Amino acid sequence: MILFAVSLIATAGNMGLQSVLPAIGREFQLSDTLVAGAFAISALMWTIASPVWARWSDRIGRKKVILIGLTGFVVSMTGFGLAATSGIEGWLGAIVAFVLMATARTIYGVFGSASPIASQAYVADRTSPEQRTQAMSLLASAQGLGTVIGPVISPIFILPLVGLAGPMYAYALLGLIVLIVVWRKLPSGEVVRRPSPSGDRGDKGLWRDRRVRDFLIYGILVTGAQAVNISVLGFHIIDEMAATGLEVRQAQPFIAVAMFAGAAATLMVQWGLIPLLKLQPRELMRWGAALALLGNLVSIGAPGYYGVVVGYAIVSMGVGFARPGFTAGSSIAVRPHEQGAVAGLMMSLAGIGFLAPPVAGVALYEMAEWAPFAGNALLLLVAVALAFLSPVLRFDPTPGVEDNPPPDAPPASQPGPEGNR
């Protein structure tokens, strides 16, 4: 439950910041594209730092790395809040304040991956294979719950004295409380540490292997499109509500409702529909890309706030299907000794997806309201075609299906000399 709290506060804080960032950018009168770039920096650092923290947790211990990650979270949130307050109150120029905000986000990018990686490894060290699935699911559910709670409670902390920076101070305080609980209460006795999957470098060049390549391409298309939807959402709602006469700060609760709808749709799919329907990776990827495509078309064709919310919720449902589809499918496609490498490769998509796509999507939005959704539709149309036409993605592990290759089929290619990042 302590590790549940660690994952919950980190995810809630990150999504809470995402929900207020567009309003802060508009208060500073900065370009929407420039604001989106702040998150791209943290995504880049996240991608680079993740394997480093995986190896450090093997060397110095899981608890120490969790504490390092939480400390980085608290410092980042506090720094972001102070920079935002300084800019909004006029103590610093908008550009200087924004640079400090971007620096705070860079700190999060460097340290943000430390806690979740070490938490997962901590659980793996202390559970049997039979217990591990349930324990890992608990950590994953904390992240899912955080995506719901973060945007919903953020407007509560937008108070007269602290304004839009209030949620950052609140999450920093909550993070500090969790840090103290981990320091005082989390056991750190002598346990044999097993190397975490994200630190596995035993299989080189797996990203070029034809068994995995189409899953990776599909994952990049879907996660990139999702990143565009998330990054554009706040600006889109602010503009839609401005047409009704609401100011930027008054639009914040409407952003929270939309993000809640998307998170709830994802949880409904992953906690309800997937276990109920028992879909295999092939169906998950097909339904996922198709629903995400539909959601972007709704965002183009349905005017007003409710069209934005419905479109975003449908996109979130699609991603809820697609993500377990390509992660499970890629795992099935490789040998047992390659599981760590492929897991790390697919996990890196979370950082890769938030590098260029959000900046490009917000830039398109500044050109025309419909443009980022049209661009997403093209990406997702390719993902749908890939899901139906790729021989690799058409594989179904269900016994008796004609698409299944024989058990002794050789791999499509051998790993090359490149690393797995």
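Residues numbered from 1 in each chain as written. Predicted model: local features only at pLDDT ≥ 70, side-chain atom pairs only at ≥ 80, totals over all residues. Heavy atoms only, no water.

Regarding its fold elements, the protein presents 15 helices and 0 strands. Evaluated residue by residue, the protein yields a buried proportion of 51% over its 421 residues. Excluding contacts between residues fewer than 6 apart, the proportion of contacts in the protein whose partners are at least 24 apart in sequence is 84%. Split by element, the accessible area of the protein, about 18,200 Å² in all, is 69% carbon and sulfur. (Helix = DSSP H or I, 4+ residues; strand = E, 2+ residues; numbered from the N terminus. Buried < 20%, exposed > 50% of the residue type's maximum accessible area, 1.4 Å probe, protein only. Contact = heavy atoms within 4.5 Å. Areas by Shrake-Rupley, 256 points an atom, 1.4 Å probe, with all protein chains shown as cover.)

In a regular helix each residue adds 1.5 Å, so 33 residues correspond to 48 Å; helix H8 (residues 210-242) covers 49 Å between its end C-alpha atoms and thus fits that length. Remark: the principal bend of H8, roughly 40°, maps to leucine 233. Buried residues dominate H8, accounting for 27 of its 33 residues. (Expected span 1.5 Å × (residues − 1). Bend = angle between axes of the 7 residues up to and from the residue.)

On to the confidence of the model for the protein, then. Model confidence for the protein is summarised by a mean pLDDT of 81, while 82% of its residues fall at 70 or above. Taking the mean pLDDT of every element in the protein, the minimum, 60, falls on helix H12 (residues 339-347) and the maximum, 95, on helix H15 (residues 371-389). Here residues 196-204 is modelled with pLDDT under 50, and outside its nearest four sequence neighbours on either side it reaches 29 contacts, counting other chains as well. (pLDDT = per-residue confidence, 0-100.)

Looking now at the pattern of salt bridges. In the structure shown here, the tally under the stated rule is 3 salt bridges. Between aspartate 32 and arginine 26 there is a salt bridge, and its shortest N-O distance comes to 3.0 Å. Of the charged contacts, one joins aspartate 239 and arginine 26 as a salt bridge, the two residues approaching to 2.9 Å between their closest N and O atoms. Of this pair, aspartate 239 sits in helix H8 while arginine 26 sits in helix H1 (residues 2-28), and the two are 213 residues apart along the sequence. Residues joined by salt bridges that share partners form a network here, namely Arg26, Asp32 and Asp239. (Salt bridge = Lys/Arg side-chain N within 4 Å of Asp/Glu carboxyl O.)

Packing of H1 against helix H9 (residues 252-277) leaves a shortest axis separation of 10 Å and a crossing angle of 140°. The angle between H1 and H9 places the two elements in the oblique class. Considering only the axes of H1 and H9, their crossing is right-handed. Two secondary-structure elements touch here, H1 through Met15, Gln18, Ser19, Val20 and Ala23 and H9 through Gln252, Ile255 and Met259. When grouped by side-chain class, the residues that make up the contact of H1 with H9 number 5 nonpolar, 3 polar and no charged. (Axes fitted to C-alpha atoms, helices over the stretch in contact; angles between N-to-C directions. Parallel < 35°, antiparallel > 145°, perpendicular 65-115°, else oblique. Left-handed = near helix turned anticlockwise from the far one by under 90°. Nonpolar A, V, L, I, M, F, W, Y, C, P; charged D, E, K, R; others polar.)

In a soluble, globular protein the nonpolar side chains are often hidden away together inside. Grouped together as the largest cluster of nonpolar side chains are 65 residues, with contacts concentrated most on Ile24, Ile66, Phe80, Met101, Val182 and Ile237. Tallying contributions element by element places H1 first for this core, with 11 residues. If sequence neighbours within four positions are ignored, isoleucine 66 has contacts with Leu3, Val6, Ser115, Ala118, Ser119, Val182 and Leu186. Counting 22 residues, the second largest nonpolar core, distinct from the first, contains Leu216, Ala225, Ala292 and Phe326. (Core = buried A, V, L, I, M, F, W, Y, C linked by side-chain atoms within 4.5 Å.)

With that out of the way, let us pick up unusual backbone geometry. Located in the positive-phi region is glutamine 29, a residue other than glycine, with phi close to 60°. As for its position among the elements, glutamine 29 is in the loop between H1 and helix H2 (32-60). Residue classification places glutamine 29 among the exposed positions, given a relative accessible area of 73%. Of note in the backbone geometry, lysine 278 takes a positive phi value of approximately 55° without being a glycine.

On to the environment of glycine 146, then. By secondary structure assignment, the location of glycine 146 is in helix H6 (residues 129-153). Classification of glycine 146 by relative accessible area gives buried; the value is 0%. Sequence-wise, glycine 146 and alanine 10 are 136 residues apart; in three dimensions their C-alpha atoms are separated by 7.7 Å.

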